[in-house]
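# Working through the structure, step by step
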Amino acid sequence: MALHLKYRPTKLEDVVGNKSAVKSLESILERDMEEIPHAFLFHGASGCGKTTFARIVTNILGCDPQDFLEINTGSNRGIDTARSILQNIHYKPLGGKVKVILLDEVHATTKDFQNALLKALEDTPKHVYFILCTTDPKKLLPTVRNRCTMFEVHKLTETLLIKLLTEVTIDEDKAEGIDAEIIAMIANKADGCPRQSLVLLDQVIDLKPKDRKRAIQAFKTEEEKTIDLCRLLLDKRSKWDKVAKVIKGIEDDPESVRWAILGYMCTVLLSKENTQASIAISMFEEPFFNSGRAGLTLACLKCLEK
């Protein structure tokens, strides 16, 4: 099993960092069931534990697996999905006493979806609990946010990442030879993201000691990949095959990449006049909610052709 899945916390006491969120959740979930809020909203950077918290809450609520519904609303973002949810919540649980509906990437949903969701949040059946996860809560309607109990999930400090990685290497027999220097390099490269740190550890754990440093140095975070893409788009001499290779390596959702590119280009434009940056901004004005990765790819191509 991949390390980031094998060492995913299943209880609040196992969570590394985010102590304020843990304490707040503990106090809320210790209440009688009728006093527990029916809508939770976890927000924060990608890979820092939002869905992990959501699954822990689901377990504490006593939700049977067949009554747990997880929807990636980045891909299923329209009114039809919202209507399906509204219909589903009125059915009784199949295996337990509660139903939990987890909506991941909920910031990517349409306004119609959010308005429909608002109706469900205003009049939620006693047996239903909603858990929303997002990297950008500002894109949610204020009325949706206000009906949720919100928890911010922070990146981990480098010290906490080192602690996590050290504990994992102690448990893993094949981690022999992963010393403090390698662990520190991984923690620094992961930029506060526990999932990223464990993914990187997984990639180098079987390598020979002399090859590990080289592999870590070559590893690029999603942020670094997006910055590489921005730099290529600013250079009209860039070859398309190199741009396409960078796009293929980016795992973030296209809409997050679009916002990152706009932010980067805006910073460039505010520092000095740059025609290519203004072209890039015009190419990335329209959201990629419907076109997805195809829209991102086409916008990059048009940017270089201008």
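First things first, this report covers the structure right here in the doc. (Residues numbered from 1 in each chain as written. Predicted model: local features only at pLDDT ≥ 70, side-chain atom pairs only at ≥ 80, totals over all residues. Heavy atoms only, no water.)

## Details of a negative patch on the surface
Under the convention used in this document: Patches were defined on residues exceeding 30% relative accessible area and lacking a salt bridge, with like-charge contacts within 9 Å and nonpolar side-chain contacts (Val, Leu, Ile, Met, Phe, Trp, Tyr) within 5 Å. Shrake-Rupley sampling with a 1.4 Å probe provides the accessible areas, and residues are treated as covered by the protein chains on show and by no other component. Just to be clear on terms, a salt bridge is a Lys or Arg side-chain nitrogen sitting within 4 Å of an Asp or Glu carboxyl oxygen. Note on charges: Lys and Arg go in the positive column, Asp and Glu in the negative column, and His and the chain ends are not counted at all. A charge is said to be at NZ when it belongs to Lys, at CZ for Arg, at CG for Asp and at CD for Glu. Only DSSP runs of H or I reaching four residues or more are called helices, and only runs of E reaching two or more are called strands; each is numbered from the N terminus.
On the surface, a cluster of negative charge is contributed by Glu13, Asp14, Glu26 and Glu30. Mapped onto the secondary structure, aspartate 14 falls in the loop between α1 (3-6) and α2 (19-29).

## Here's the deal with the nonpolar core
Rule in force here: Residue types Ala, Val, Leu, Ile, Met, Phe, Trp, Tyr and Cys, when buried and joined through side-chain atoms within 4.5 Å, form a set referred to as a nonpolar core. Only protein chains enter the accessibility calculation, which uses a 1.4 Å probe; a residue is then buried when its area is under 20% of its type maximum, exposed when over 50%, and partly exposed in between. Two residues form a contact once any of their heavy atoms are found within 4.5 Å.
Leu25, Phe40, Phe42 and Phe53 are the most contacted members of the largest nonpolar core, which has 25 residues in total. Element by element, the count of residues in this core is highest for α2, at five residues. Sequence-distant contacts of phenylalanine 40, defined by excluding residues within four places in its chain, comprise Leu25, Ile28, Leu29, Val57, Phe130, Ile131, Leu132, Cys148, Thr149 and Phe151. Core analysis: the second largest hydrophobic core is formed by 24 residues, Val243, Val246, Phe284 and Cys303 among them.

## Concerning unusual backbone geometry
Phi at asparagine 18 takes a positive value of approximately 50 degrees, unusual for a residue other than glycine. Relative to the helices and strands, asparagine 18 is located in the loop between α1 and α2. We note that glutamate 105 has phi near 55 degrees; this positive angle belongs to a residue other than glycine. Relative to the elements of secondary structure, glutamate 105 occurs in the loop between β3 (99-104) and α5 (111-122).

## A few points about empty space enclosed by the protein
Rolled over the atoms, a probe sized like a water molecule indicates the empty space that remains. This is how it is decided: Lining residues are defined by having an atom within 4 Å of a point belonging to a cavity or pocket. Those points lie on a 1 Å grid over the protein atoms alone, cavities being sets where a 1.4 Å probe fits but cannot get out and pockets being open sets with protein on both sides within 12 Å along at least five of seven lines. Grid points are joined across faces, edges and corners, and a volume is the space filled by probe spheres set on the points.
Scanning all chains against the criterion turns up one cavity of 30 Å³ or more. Considered as a void within the structure, the largest cavity measures approximately 30 Å³ in volume. In this structure, the largest cavity is lined by Ala82, Ile85, Leu86, Phe113, Ala116, Leu117 and Ala120. Of all the secondary structure elements, the ones that give two or more residues to the lining of the largest cavity are α4 (79-88) and α5. When residues in the lining of the largest cavity are grouped by element, the largest group, four residues, is from α5.

## Observations regarding the packing of aromatic side chains
Heads up, the condition is: For Phe, Tyr and Trp, rings pair up if their centres lie within 6.5 Å, where Trp contributes its six-membered ring, and each pair is then called stacked (planes under 30 degrees apart), edge-to-face (over 60) or tilted (otherwise). By the criterion adopted, a ring carries a charge over it if an Arg CZ or a Lys NZ lies within 6 Å of its centre and within 35 degrees of its normal.
Taken as a whole and assessed by the stated rule, the structure comprises four aromatic pairs. Seen from their ring centres, phenylalanine 284 and phenylalanine 288 are 6.1 Å apart, and the 75 degrees between their planes marks the pair as edge-to-face. What makes phenylalanine 284 buried here is its relative accessible area of 0%. Take phenylalanine 288: its relative accessible area is 7%, and that puts it in the buried class. Over the face of the ring belonging to tryptophan 259 we find arginine 258, whose NZ or CZ atom lies 5.1 Å from the ring centre.

## Here we look at the sheet that holds strand β4 (residues 128-134)
Quick note on the threshold: Following DSSP output, two strands are said to pair if at least two bridges run between them. Here an angle of 0 to 180 degrees is reported between the N-to-C directions of two axes, which are lines fitted to C-alpha atoms, with helices fitted over the stretch in contact.
Judged by pairing direction, the sheet is parallel, and its five strands sit side by side in the order β2-β3-β4-β1-β5 without closing on themselves. The strands lining the two open edges of the sheet, one partner per strand, are β2 (68-72) and β5 (149-153). Strand-to-strand, the axes of this sheet are offset by a mean angle of 15 degrees, without reference to chain direction. Looking at chain direction, β3 and β4 are connected through five bridges and run parallel. From the neighbouring strand, leucine 102 faces β4, where its bridge partner is isoleucine 131. Contacting β2, β3 and β4, α4 crosses the sheet at an angle of about 165 degrees to β3.

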